[in-house]
Amino acid sequence: MAYNNYSGGNGGYSSRSQQPDLSEVKKPVEIESFYKAETDIPKEDLFDAQAQKIAESFVGKNKKGFEIGVSSTQLRRIFDEVKRYERVLLGAESKWEEQLPYIKMIKSKVAYTVARASKTKPEEKGVYKNLEVFLSSGINLIKTEKDYHTFVSLFESVYGFYYEKAPKSAN
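Criteria and cut-off values
Residues numbered from 1 in each chain as written. Predicted model: local features only at pLDDT ≥ 70, side-chain atom pairs only at ≥ 80, totals over all residues. Heavy atoms only, no water. Helix = DSSP H or I, 4+ residues; strand = E, 2+ residues; numbered from the N terminus. Expected span 1.5 Å × (residues − 1). Buried < 20%, exposed > 50% of the residue type's maximum accessible area, 1.4 Å probe, protein only. Arc of directions from axis to C-beta. Contact = heavy atoms within 4.5 Å. Core = buried A, V, L, I, M, F, W, Y, C linked by side-chain atoms within 4.5 Å. Axes fitted to C-alpha atoms, helices over the stretch in contact; angles between N-to-C directions. Parallel < 35°, antiparallel > 145°, perpendicular 65-115°, else oblique. Nonpolar A, V, L, I, M, F, W, Y, C, P; charged D, E, K, R; others polar.

Participant: Could you give an account of helix α4 (residues 106-120), naming the residues involved and the relevant values?
Facilitator: Taking 1.5 Å as the rise per residue, α4 with 15 residues should run 21 Å; its terminal C-alpha atoms sit 21 Å apart, in good agreement. By the burial criterion, the buried members of α4 are I106, V110, T113, V114, A117 and S118. The buried residues of α4 occupy an angular sector of 130° when the element is viewed end-on, so they sit on one face. Facing away from the buried side of α4 by more than 90 degrees, the exposed set consists of Y112, R116, K119 and T120. Buried residues in α4 make contact with α2 (72-90), α3 (96-104) and α5 (125-140).

Participant: An account of the nonpolar core is needed here, citing residue identities and associated values.
Facilitator: If you look at the biggest cluster of nonpolar residues, it comprises 42 residues, and the most contacted ones within it are F58, F134, I142, Y148, F151, L154 and F155. With 9 residues, helix α6 (residues 145-165) is the single largest residue contributor to this core. Once residues lying within four places of it in the same chain are set aside, the contact partners of I142 are F34, W96, L100, I103, K104, D147, Y148 and F151.

Participant: Give me the environment of F66: which residues, what numbers.
Facilitator: Note that F66 resides in the loop between β2 (59-61) and β3 (67-69). Overall, the relative accessible area of 54% leaves F66 in the exposed class. Sequence spacing of F66 and E24 is 42 residues, and the spatial spacing of their C-alpha atoms is 9.7 Å. When sequence neighbours within four positions are dropped, the list of residues in contact with F66 reads G60 and K61.

Participant: So what's going on with the packing of α4 against α5? Which residues, and what values?
Facilitator: Here α4 crosses α5 at 175°, and the two axes come no closer than 9 Å. It follows that α4 is roughly antiparallel to α5 by the angle criterion. Between α4 and α5, the contacting residues are I106, K107, V110, A111, T113, V114, A117 and S118 on the first element and K125, Y128, K129, E132, L135, S136, I139 and N140 on the second. Class assignment of the residues belonging to the contact of α4 with α5 gives a composition of 8 nonpolar, 4 polar and 4 charged.

Participant: How would you summarise α6 if you had to cite specific residues and measurements?
Facilitator: If you check α6, its first and last C-alpha atoms are 30 Å apart, about what 21 residues at 1.5 Å a residue would give, namely 30 Å. Those residues of α6 that are buried lie in contact with α1 (46-56), β2, β3, α2, α3 and α5.

This is how it looks when you write it as structure tokens:
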């Protein structure tokens, strides 16, 4: 039996009507500073309004208008990794200078997560890129152990706000 490429009487065009592109992903939120100008005091809206804005960037809509978001499992995995170093630093035998390179390595793990998610669910690439921008910009600001603990607190706030806003499909 021979097969050909005949697609029917419509000249090869799909009979489905073209749906409008309803995709919507907020712009990524890049962290520029944790602190008020020329102090080491966290910005008063860092753990509130700023964290909420970051969390909202992890949620969007696909082309059909359905909610999409960063997988809660993936976000939890990354959050646990960040928290793990906090526990390591609380140990008496651990030195900040020794741990900083490993903390910076979290960026590569996030890049891998984003690349993998983009291949398996291309429509969610934007929300995962927003996660990468948040984590990379935050980790780039870490110079001291205090910076790290501030970043962990910010991530914890973001995680809480995201859990509230995450689409059910991301849980």
